[in-house]
Amino acid sequence: MIQRTVGAGIQLMPVVKADAYRHGATAVSQVLEHEGAQWLAVSNLEEGKALREAGIRARILVMAERIAADPKAWREHRLTPVIHDLSEIRMLDHEIAYHLKVDSGMGRLGTNASITEIVESVKGTRIEGLMTHFATSANFQSEQTNDQHKRFEAVQAALEQNGIRPMFLHEASTNPLHFGYRKSWGNLARPGYAIYGFVSRSRGKAPDKLLDVAPALSWKARILLVKEIAPGTPVGYGAQFVADKSMRIGILGVGYADGLPHRLGNRGHVIAAGKLANIIGAVSMDVTTVDLTDAPTLKAGDAVSLLGQEGEASIDARQMARDAGTIAYSILCGISTRVPRIYV
Ligand SMILES: *Cc1c(COP(=O)(O)O)cnc(C)c1O
């Protein structure tokens, strides 16, 4: 879908770091490879090696690692490094193609060396890609993205003047694709969030809104016990909730050890029998209590949805993040490996 939207002139490199935002890197990569992805991106060597061990054959870009972490691994596992510091180019086996990341103004990874230094350092080396990453690409009230793009173009132009033409130019993650910030599209883009069915909301007026995606995962929890409680009954650690009426409560087999944010205590919701139900009391390590008064049909052994859709009711990672005072990325990446993944 994303490939169709952006057109054939730009190749996609789906980002499957952090265990594919905890959707399961191997399973997700297999599907993406089957759908034609020729590149995948991860953060570190361990993630890249794990994909190779799982039989993934696509090119793999490792975006946040030091060359020196394991100088032989790049060749051995056919992983493509991103260079963030010009001095690393010399440490790399000269047969290995690399992508150079320019810190164009985000102030995080990538080189912030002068253009002259960059040109001198990459001359005669196997620079296959030139990339950068934007800090505020959903914010169209800020000039930061334009400024970053200009800096990137200046580096690219200087390389070109010196006869250096990296095969891949890539700046865009999900936001610049979704918002139609086309001048940054280059010939390769690195969507992560959109692969999993999310886009951000823009600040200010975005040029466009191109991607029509839906969350890829739903998250369910089992009810361990259902019971009636009398008015005045405290619920959970710290008695943070006290029933003010007779209630029917359900104790769920999910807690913060599974990635349900502790901050959702007395604040979050689940979907119980197609209706929103409140989380009551503290979220504890392995169990969480919900108010099932309005879901009289549910019994022990049934499931409720933490993320997903049941009939009219839906909760996605963005809504959960709002309740928990965090961001949807962190909700997704927080779903622990203890939660069994079922692929449909
Ligand atoms: C995580 C990451 C991406 C993907 O970003 P999304 O917002 O999830 O699309 C792209 N590029 C780099 C360098 C990243 O670290």
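All residue numbers refer to position in the chain's written sequence, counted from 1. Confidence filtering applies because this is a predicted model: local features only for residues at pLDDT of at least 70, side-chain atom pairs given and counted only at 80 or more, and all residues used for totals across whole chains, interfaces and linings. With hydrogens and water stripped out, all remaining heavy atoms of the structure feed into the side-chain values.

Enquirer: Give me the site of the ligand: which residues, what numbers.
Expert: Nearness is judged by heavy atoms alone; a residue qualifies as near a molecule or strand once a single heavy atom is within 4 Å of it. With respect to spatial proximity, 13 residues lie near the ligand, and among them Lys17, Tyr21, Thr174, Tyr193 and Tyr329 are the closest. Between N or O atoms, a polar contact is any pair within 3.5 Å; within protein, one atom must be a potential hydrogen donor and the other a potential acceptor, and residues adjacent in sequence are included only when both atoms are from side chains. Between histidine 133 and the ligand, the recorded distance is 3.5 Å, taken from a side-chain N or O atom to a nitrogen atom.

Enquirer: Any details on the nonpolar core? Residues and values, ideally.
Expert: Val16, Leu100, Val122 and Leu130 are the most contacted members of the largest nonpolar core, which totals 50 residues. In contact with leucine 100, other than residues within four places in its own chain, are Ile83, Leu86, Thr111, Ile118, Val122, Ile127, Gly129, Leu130 and Met131. As used in this record, nonpolar core signifies buried Ala, Val, Leu, Ile, Met, Phe, Trp, Tyr and Cys residues forming a set joined through side-chain atoms within 4.5 Å. Working definition: with a 1.4 Å probe on protein chains only, accessible area under 20% of the residue-type maximum means buried, over 50% means exposed, and in between means partly exposed. Any two residues having at least one pair of non-hydrogen atoms within 4.5 Å are treated as being in contact.

Enquirer: Outline the environment of threonine 136, supporting the account with residue identities and numerical values.
Expert: Elements are defined by DSSP. Helices are runs of H or I of four residues or more, strands are runs of E of two residues or more, and each kind is numbered from the N terminus. Mapped onto the elements, threonine 136 comes out in the loop between β6 (127-131) and α8 (144-161). Residues threonine 136 and serine 202, 66 residues apart in the sequence, show an inter-C-alpha distance of 9.9 Å. Look past the residues within four positions of threonine 136 in its chain and what remains in contact with it is Ser142, Gln144 and Thr145.

Enquirer: Help me get a handle on the environment of serine 104, residues and values and all.
Expert: Looking at the element boundaries, serine 104 is found in the loop between β5 (98-101) and α7 (115-122). Those residues in contact with serine 104 that lie beyond four places of it in its chain are Thr132, His133, Asp147, Gln148, Arg151 and Phe152. Reaching out from serine 104, the side chain makes a polar contact with the side chain of threonine 132 at a distance of 2.7 Å.

Enquirer: Report on helix α10 (residues 317-324), specifying residues and quantitative values.
Expert: Of the residues making up α10, those classed as buried are Ala317, Met320, Ala321 and Ala324. Taken end-on, α10 shows its buried residues confined to a sector of 100°, consistent with a single buried face. Considering only its buried residues, α10 is in contact with β16 (303-310), β17 (313-315) and α11 (328-334). The opening residue of α10, the one whose side-chain oxygen lies 2.8 Å from the backbone nitrogen of arginine 318, is aspartate 316. Phi turns positive, to about 70°, at glycine 325, one or two residues after α10. In this description, the arc belongs to the directions extending from the helix axis to the C-beta atoms.

Enquirer: Talk me through the packing of α7 against α8; I want residue IDs and the actual numbers.
Expert: Taken N-terminus to C-terminus, the directions of α7 and α8 make an angle of 45°; their axes are 10 Å apart at the nearest point. Considering the angle they form, α7 stands oblique to α8. As α7 packs across α8, the resulting crossing turns out to be right-handed. Here α7 contributes Ile115, Ile118, Val119 and Val122 to the contact with α8, which in turn contributes Arg151, Ala154, Val155, Ala158 and Leu159. Amino acids outside the nonpolar list (Ala, Val, Leu, Ile, Met, Phe, Trp, Tyr, Cys, Pro) and the charged list (Asp, Glu, Lys, Arg) are all regarded as polar, and Gly is one of them. For the contact of α7 with α8, the class distribution of residues is eight nonpolar, no polar and one charged. Axis angles are defined between N-to-C directions and span 0 to 180 degrees, where every axis is a line fitted to C-alpha atoms and, for a helix, only to the segment in contact. For classification purposes, angles smaller than 35 degrees are called roughly parallel, those larger than 145 roughly antiparallel, those between 65 and 115 roughly perpendicular, and all remaining angles oblique. Crossings are classed by handedness, with left-handed meaning an anticlockwise turn of the near helix from the far one by less than a right angle and right-handed meaning a clockwise turn.

Enquirer: Describe the domain arrangement of the protein, with residues and values.
Expert: Boundaries of every domain are those given by an automatic assignment or by a domain database. Here the domain parsing of the protein yields domain 1 (2-196) and domain 2 (219-333). Between the C-alpha centres of domain 1 and domain 2 the distance comes to 39 Å. Domain 1 puts five residues into the contact, and the matching count from domain 2 is five residues. Buried area, as used here, totals the accessible surface that two parts lose on assembly, with accessibility defined by a 1.4 Å probe and the loss added over both. Across the domain 1/domain 2 interface, buried area totals approximately 550 Å², and carbon plus sulfur atoms make up 69% of it.

Enquirer: Describe the pattern of salt bridges, listing the residues and the values that go with them.
Expert: When their charged atoms lie close together, side chains carrying opposite charge are able to pair. Salt bridges are defined by distance alone: a side-chain nitrogen of Lys or Arg within 4 Å of a carboxyl oxygen of Asp or Glu. Taken as a whole and assessed by the stated rule, the structure comprises eleven salt bridges. With a closest N to O distance of 3.1 Å, glutamate 120 and lysine 123 form a salt bridge. The class of lysine 123 is partly exposed, set by a relative accessible area of 39%. Of the charged contacts in the structure, one is a salt bridge between arginine 338 and aspartate 286, with a shortest N-O distance of 2.8 Å. Taken as a pair, arginine 338 in the segment after α11 and aspartate 286 in the loop between β14 (275-280) and β15 (288-291) lie far apart in primary sequence, 52 residues in all. The class for aspartate 286 is partly exposed, based on a relative accessible area of 35%. Where salt bridges share partners, they join Glu46, Lys49 and Asp70 into one cluster.

Enquirer: Account for the pairing of strand β12 (residues 247-252), naming residues and giving values.
Expert: For β12, the tally of buried residues reaches six of six residues, placing the bulk of the element in the interior. For two strands to be treated as a pair, DSSP must find at least two bridges joining them. In the sheet, strand β9 (residues 219-229) pairs with β12 via six bridges, with the strands oriented antiparallel. Bridge pairing in β12 places valine 226 opposite glycine 250. By the bridge criterion, four bridges tie β12 to β15 in an arrangement that is antiparallel. In the sheet register, glycine 250 faces β15, and the bridge partner there is valine 290.

Enquirer: Could you give me a rundown of the side chain of lysine 101, with the residues and numbers involved?
Expert: By secondary structure assignment, the location of lysine 101 is in strand β5. One buried charged residue, lysine 101, remains without a salt bridge, the closest side chain of opposite sign being aspartate 103 at 8.2 Å. The contact partners of lysine 101, leaving out residues within four places of it in the chain, are Val82, Ile83, His84, Arg108, Leu109, Gly110, Thr111, Met131, Thr132 and His133. For the purpose of counting charges, residues Lys and Arg are taken to be positive, whereas Asp and Glu are taken to be negative. His and the chain ends are not included.

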